[in-house]
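# Summary of the model geometry
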Amino acid sequence: SQQGEEDPQALSIQEGENATMNCSYKTSINNLQWYRQNSGRGLVHLILIRSNEREKHSGRLRVTLDTSKKSSSLLITASRAADTASYFCATDSSNTGKLIFGQGTTLQVKP
Amino acid sequence: GAVVSQHPSRVICKSGTSVKIECRSLDFQATTMFWYRQFPKQSLMLMATSNEGSKATYEQGVEKDKFLINHASLTLSTLTVTSAHPEDSSFYICSARDQQATGRAKNIQYFGAGTRLSVL
């Protein structure tokens, strides 16, 4: 089952620009996580935000969470060609480790 | 960070054969591992939760007799696709979290590199 939608499905920007991806979910959560996937590979954890947090930063990444709207956003600042990948949000509603993934956003950063 | 090893990375097999995929946590123990399936350009669909020493928990719509899961130790879970058919062709990915991690880290999932299964 899928939690919800990610928006946009695809994003193409120039190197140096910022990229913003949005995620919506349906149920209450304990935390929301963002993962990155390079083509044909496994996923890499980027950042976790708890349900009682509104914003988290990690390097060039900034994540926001609005539990009233059941939505989150991931901002990548000063993008690089190496940021080209698919980005997924995932929600953890039970603290069992079971994650439900969003549809994903495919980001292309042109050099 | 913690490492999850998944093997093989690619399998091509004939219809009707069974395929086993291994998922190992290399530097941590995991009583629970997760198996996902991913179709091209789509998201990950959770198939089942693998529980060490007990039966796996399957998601709705996933055939447990088709996708056999064994979690015999704290570092190894296997997924066997039995009597594979072309419609089983997909990308299978496992994940685990470090049960001894604390704080925020205990919720982080570590993923294997995935197994691409092609059934002819």
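Residues numbered from 1 in each chain as written. Chains lettered and ligands numbered in written order. Predicted model: local features only at pLDDT ≥ 70, side-chain atom pairs only at ≥ 80, totals over all residues. Heavy atoms only, no water.

This next bit is on the state of the cysteines. In a disulfide, the sulfur atoms of two cysteines are covalently bonded to one another. All names here are of chain A. Applying the stated rule across the entire model yields two disulfides over all chains. The side chain of C23 participates in a disulfide bridge whose partner is C89; the two sulfur atoms lie 1.9 Å from each other. Every disulfide takes its handedness from the sign of the S-S torsion; for C23 and C89 that torsion is 70°, giving right-handed. Taken together, the residues span a long stretch of sequence, with C23 in strand β3 (residues 19–24) and C89 in strand β9 (residues 85–92) at a distance of 66 residues. C89 matches C23 in its accessibility class, with the two residues each being buried. (Disulfide = S-S within 2.5 Å. Helix = DSSP H or I, 4+ residues; strand = E, 2+ residues; numbered from the N terminus. Buried < 20%, exposed > 50% of the residue type's maximum accessible area, 1.4 Å probe, protein only.)

Residues D7 of chain A and P8 of chain A are joined by a peptide bond in cis, for which omega reads -5°. Mapped onto the elements of the fold, P8 of chain A is located in the loop between β1 (6–7) and β2 (10–14). Positive phi outside glycine occurs at S83 of chain B, with the angle close to 45°. Structurally, S83 of chain B is set in the loop between β8 (76–81) and β9 (90–96). Residue classification places S83 of chain B among the partly exposed positions, given a relative accessible area of 33%.

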